[in-house]
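Observations on the three-dimensional arrangement
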Amino acid sequence: MTEKKAIIETGWNLDNSYARLPKLFFSSLNPTPVCSPKLIILNYPLATSLGLNVQALQSKDGVAVLAGNQIPEGALPLAQAYAGHQFGHFTVLGDGRALLLGEQITPQGERVDIQLKGSGKTPYSRRGDGRATLGPMLREYIISEAMHALGIATTRSLAVVTTGESVIRETEQPGAILTRMAASHLRVGTFQYVSKWGTVEDLRALADYTLQRHFPDVDADDNHYLFLLQEVIKRQSVLIAKWQLVGFIHGVMNTDNMALSGETIDYGPCAFMDAYDPATVFSSIDIHGRYAYGNQPHIAAWNLARFAETLLPLLHVKREQAVKLAQDAISDFTELYHCNWLTGMRAKLGIFNEEQQDESLIEALLSMMQKYGADYTNTFRALTFDKREEDTVLFGTTEFAQWHELWQARLGRQQEPKSSSYQLMQNCNPALIPRNHRVEEALDAAVKHGDYSVMEGFLDVLSSPYAHSPEQADYATLPPPSTRPYRTFCGT
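Residues numbered from 1 in each chain as written. Predicted model: local features only at pLDDT ≥ 70, side-chain atom pairs only at ≥ 80, totals over all residues. Heavy atoms only, no water.

**Describing the packing of aromatic side chains**
Note the threshold: The criterion for an aromatic pair is that two Phe, Tyr or Trp rings (for Trp, the six-membered ring) have centres within 6.5 Å, with stacked assigned to planes under 30 degrees apart, edge-to-face to planes over 60 apart and tilted to the rest. Helix numbers and strand numbers start at the N terminus; a helix is a DSSP run of H or I with at least 4 residues, a strand a run of E with at least 2. Throughout this description, buried means an accessible area under 20% of the type-specific maximum (1.4 Å probe, protein chains only), exposed means over 50%, and partly exposed covers the range between. When the NZ atom of lysine or the CZ atom of arginine is within 6 Å of a ring's centre and also within 35 degrees of its normal, the charge is said to sit over that ring.
Enumeration according to the criterion identifies 19 aromatic pairs in this entry. Between the aromatic rings of Tyr18 and Tyr209, the centroid separation amounts to 5.8 Å while the plane-to-plane angle is 75 degrees, which identifies the pairing as edge-to-face. With Tyr18 in the loop between β2 (14-15) and β3 (26-28) and Tyr209 in helix α6 (residues 200-214), this residue pair connects regions lying 191 residues apart in the sequence. The burial state of Tyr18 is the same as that of Tyr209; both residues are buried. In this arrangement the basic side chain of Arg306 is found over the ring face of Trp302, its NZ or CZ atom lying 4.4 Å from the centre.

**Here's the deal with the environment of Tyr18**
Rule in force here: It only takes one pair of heavy atoms within 4.5 Å for two residues to be counted as in contact.
With relative accessibility at 2%, the residue Tyr18 sits in the buried group. With near-sequence residues (within four places) excluded, Tyr18 lies in contact with Phe25, Phe26, Leu78, Gln80, Leu100, Glu103, Leu186, Thr190 and Tyr209.

**Some details on α6**
Because an α-helix completes one turn every 3.6 residues, residues spaced three or four positions apart along the sequence face the same direction. The test is simple: A helix's residues, less one, multiplied by 1.5 Å, set its expected span.
Relative to the 21 Å expected for 15 residues at 1.5 Å per residue, α6 spans 21 Å between its end C-alpha atoms, a close match to the ideal helical length. If you check which residues of α6 are buried, you get Asp202, Leu203, Leu206, Ala207, Tyr209, Thr210, Leu211, Arg213 and His214. Buried residues along α6 sit against β9 (98-105), β10 (111-117), α5 (188-197), α7 (224-246) and α8 (296-315).

**Examining the layout of surface pockets**
Rules: Only protein atoms enter the 1 Å grid, on which a cavity is a set of points fitting a 1.4 Å probe that cannot get out and a pocket is an open set with protein on both sides within 12 Å along at least 5 of 7 lines, lining residues being those with an atom within 4 Å of a point. Grid points are joined across faces, edges and corners, and a volume is the space filled by probe spheres set on the points. When residue character is reported, Ala, Val, Leu, Ile, Met, Phe, Trp, Tyr, Cys and Pro are called nonpolar, Asp, Glu, Lys and Arg charged, and the others, Gly included, polar.
Here the second largest pocket defines a volume of roughly 820 Å³. Considering the residues around the second largest pocket, the lining is formed by 32 residues, among which Asp274, Asn436, Pro479, Pro480 and Tyr486 are closest to the centre. Breaking the lining of the second largest pocket down by element, the ones donating at least two residues are α11 (376-385), α12 (392-395) and α15 (436-449). Counted by class, the lining of the second largest pocket contains 16 nonpolar, eight polar and eight charged residues.

**Observations regarding empty space enclosed by the protein**
One pass over the structure, following the stated rule, counts two cavities of 30 Å³ or more. Reported here for the largest cavity is a volume of approximately 70 Å³. Sorting elements by how many residues they give to the lining of the largest cavity places α7 first, with three residues. Among the residues forming the lining of the largest cavity, the class breakdown is six nonpolar, six polar and one charged. Of the voids in this model, the second largest cavity is the one considered here, and its volume is about 40 Å³. Considering the residues around the second largest cavity, the lining is formed by Leu245, Val246, Lys348, Tyr376, Thr377, Phe380, Asn429, Pro430 and Ile433. Per-element tally for the lining of the second largest cavity: the top contributor is α11, with three residues.

Spelled out as structure tokens, the structure:
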């Protein structure tokens, strides 16, 4: 049995509001202890912001908590129940290899989930072993921290520990546990689970909890549950637009992977696009391109429609009126997303105001990028510093020369000087992204050779993506040509 031990000096300040919800929503249990935990990486800035003592976290007792061998004071570990549509098919899911330790109350008074991922079997494990391997846990650490630095709402990684035990996947691999921080782990799939197997009062309890946790500003006279739906839609419209603006591809946009808080959650087969192509898919299991880069806004709308369906009993006593309210709310997503995307694209091109032809200017550039196989990130970076020699294929064409003339004329019609436009572009176009080949290099060095210096250096340059510093230049280079497309895996 896992030992329960108070570790006050570490700074844990845990509450357990989710554990006070109906028992249908979760299963209480402790992590499964591991034989020989070792701290691999600790997120110092995040730990400090959470009110945790980084020295205590690196001690034997601190690492024991991160490994699930000890339970901190105030924790009530539980696995959350949820369902979801995976590639369009509904299934029962739940935290099969993760446990929520509790909710840390930060020095700023914020409430955030602390979850151990890879901490052992739960009632929702199905045929899984409840464990995780080192590579995918480090991958989540790298990508989630890169997303945070890019200014995109995301769960974050506090630490990764190895367990001293092997995990069998295709081969024998080192086991690991990730400690994840999230605004919450409430998902569209959480509501789907309760809608399917709970009562209307269970559903109301979950909706009220979600409102209190994430959307407390609802007016007393409003339809609270319509407000909840509308606010979730707004947050997702912002999130998905930001994904598209940096070329991020989630890979598994199942409904259980859509967080109601508006954070990016569950970094499985995710990756960043190199050459611009809306059909880009990296995930080895997405054989039909359901979750391709260009499909992400449509899938988000589909997922939100599933969320709206769960809320129908709460939206109105008459079902037909409830359906009308839900449909009207969902129909707003496309326009909200488009406005967020268009605003972001204007900023990437240094445009401060609005003109009717802006979208055609943007689409013309994207069309040329796709036609000539131009790198998405580097094209915008080159425009930011007017370094057109960096892509001789696109930038050497007559098409681009004509477009560039139109763009410069557009910038000239603004009150702001062009110097301000280029500063705006510098603030919105990253110098680098976590290039797929760089991620693989870092993981290969860490997992196969025990060399974490490659990952540490990578994380350092990723932490300030808009700095455009000289040391970032090498990380912006493209991978050598390959005869095989890059593929990512869930790593479960």
